[in-house]
Amino acid sequence: DTNMTNELKLNEYQDKAMSTCLESCANIVYMLNGLTAEVGEVNDLIAKWVRKGIARIDNNMLVFNTSDAAVRVEELIKEIGDCTWFLSGLSKVLGVPFNDVGQINLDKLAARKSEGTIITHKDH
């Protein structure tokens, strides 16, 4: 059951999500490969919809050609959730609380915004 009225904290998500992780899977290689595979599944799902005429890309937006858009979005969200699971796992394997990942990213974005560089990407 999903209760969308309560806000879920990232660390709480990480704790609950990683309770489903088998001990043999709690390593960097599994998490990286799994994340790559799940991102590919998100991309593949959209590609199949476009190929089948279920959706199209219009002005960089995903536009559904069928009346079941809500069902399709839910399907896509489930795949994005799988990506989140692996991101959470990657963070855990590195010993970093998921809240910290979120906060560090927000801090980076705020700095870019205040510097006026949010529209560019600086290679490290």
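Note that residues are indexed from 1 along each chain, following the sequence as it is written. Reporting in this predicted model follows two pLDDT cut-offs: at least 70 for local features of residues, and 80 or more for side-chain atom pairs to be given and counted; totals over whole chains, interfaces and linings ignore these cut-offs and use all residues. Side-chain descriptors were evaluated using all non-hydrogen atoms of the structure, hydrogens and water having been removed beforehand.

Q: So what exactly am I meant to see when it comes to the overall build of the protein chain here?
A: Secondary structure summary: the protein chain contains four helices and two strands in total. Listing the helices and strands of the protein chain from first to last along the sequence gives α-α-β-β-α-α. With the radius of gyration taken over C-alpha atoms, the globule rule is written as 2.2 Å times the number of residues to the power 0.38. Relative to a compact globule of 124 residues, whose C-alpha radius of gyration would be 14 Å, the protein chain shows 17 Å and is clearly more extended. A principal-axis box enclosing the C-alpha atoms of the protein chain has dimensions of 45 × 45 × 35 Å. Sorting the 124 residues of the protein chain into buried and exposed places 23% on the buried side. Pairs at least 24 residues apart make up 61% of the contacts formed inside the protein chain by residues separated by at least 6 positions. Here the accessible surface of atoms and residues is derived via Shrake-Rupley with a 1.4 Å probe, and residues count as covered only by protein chains that are part of the display. Total accessible area on the protein chain stands at roughly 9200 Å², and carbon and sulfur atoms take up 57% of it. Across the protein chain, the mean location of the 13 positive side-chain charges is 5 Å away from that of the 18 negative side-chain charges. In this description a helix means any DSSP run of H or I spanning at least four residues, a strand means any run of E spanning at least two, and both kinds are numbered starting from the N terminus. Exposure categories follow from relative accessible area, calculated using a 1.4 Å probe and restricted to protein chains: below 20% of the type maximum is buried, above 50% is exposed, and the middle band is partly exposed. In what follows, residue pairs with any heavy atoms lying within 4.5 Å of each other are defined as contacts. For this count, His and the chain ends are skipped, Lys and Arg are scored as positive, and Asp and Glu as negative. Charge positions are represented by NZ for Lys, CZ for Arg, CG for Asp and CD for Glu.

Q: Honestly, the packing of helix α2 (residues 28-52) against helix α3 (residues 69-93) in this entry has me stumped. Any pointers?
A: Geometry of a packed helix pair, given as the angle between the helix axes and the separation of the axes. Think of each axis as a best-fit line through the C-alpha atoms, taken over the contacting stretch in the case of a helix, with angles from 0 to 180 degrees between the N-to-C directions. α3 packs onto α2 with a crossing angle of 165 degrees between their chain directions and a minimal axis gap of 8 Å. Taken together, α2 and α3 sit at an angle that is classed as roughly antiparallel. Remark: the crossing between α2 and α3 carries left-handed chirality. Residue polarity follows a fixed list, in which Ala, Val, Leu, Ile, Met, Phe, Trp, Tyr, Cys and Pro are nonpolar, Asp, Glu, Lys and Arg are charged, and the others, Gly among them, are polar. Residues of the contact of α2 with α3, tallied by class, amount to 18 nonpolar, two polar and six charged. Working definition: roughly parallel below 35 degrees, roughly antiparallel above 145 degrees, roughly perpendicular at 65 to 115 degrees, and oblique for all remaining angles. The hand of a helix crossing depends on one turn: near helix anticlockwise from the far one by less than a right angle means left-handed, and clockwise means right-handed.

Q: Explain the packing of aromatic side chains to me, please; I cannot follow it from the model alone.
A: The geometry of an aromatic ring pair is captured by the separation of the ring centres together with the interplanar angle, meaning the angle of the planes. Under the pairing criterion, centres of Phe, Tyr and Trp rings, with the six-membered ring standing for Trp, must be within 6.5 Å; the plane angle then separates stacked pairs below 30 degrees from edge-to-face pairs above 60, leaving the rest tilted. Per the stated rule, a full pass over the model turns up four aromatic pairs. Put simply, the rings of Tyr30, Trp85 and Phe86 pair up and form one aromatic cluster.

Q: Before we go on, may I ask you to explain the nonpolar core in this structure?
A: When a protein is soluble and globular, its nonpolar side chains tend to lie buried together. Here, nonpolar core refers to any group of buried Ala, Val, Leu, Ile, Met, Phe, Trp, Tyr and Cys residues whose side-chain atoms link them within 4.5 Å. If you look at the biggest cluster of nonpolar residues, it comprises 17 residues, and the most contacted ones within it are Met18, Cys21, Met31, Trp49 and Trp85. Mapped onto this core, the elements with two or more residues apiece are α1 (10-18), α2 and α3. Those residues within four positions of methionine 31 in sequence are excluded, and the remaining contacts are Met18, Cys21, Cys25, Trp85, Phe86, Gly89, Leu90 and Val93.

Q: Is there a simple way to think about the pairing of strand β2 (residues 61-64) in this case?
A: Along any regular strand, the residues point their side chains to alternate faces of the sheet. At least two DSSP bridges between two strands are required for those strands to pair. By the bridge criterion, four bridges tie strand β1 (residues 55-58) to β2 in an arrangement that is antiparallel. Looking at β2, one finds that aspartate 58 is bridged to methionine 61. Linking two consecutive strands that pair antiparallel, namely β1 and β2, is a turn of two residues; a positive phi of about 55 degrees is found at asparagine 59 within it.

Q: I tried to follow α1 on my own but got confused; where do I start?
A: Each turn of an α-helix holds 3.6 residues, which means side chains three or four residues apart point in the same direction. Residues Gln14, Ala17 and Met18 constitute the buried set of α1. Burial along α1 is one-sided: seen end-on, the buried residues are contained in an arc of 85 degrees. Exposed residues on α1 whose side chains face more than 90 degrees from its buried face are Asp15 and Lys16. In this structure, the buried residues of α1 make contact with α2, α3 and α4 (98-115). Regarding the arc, it is the one traced by the directions from the helix axis to the C-beta atoms.

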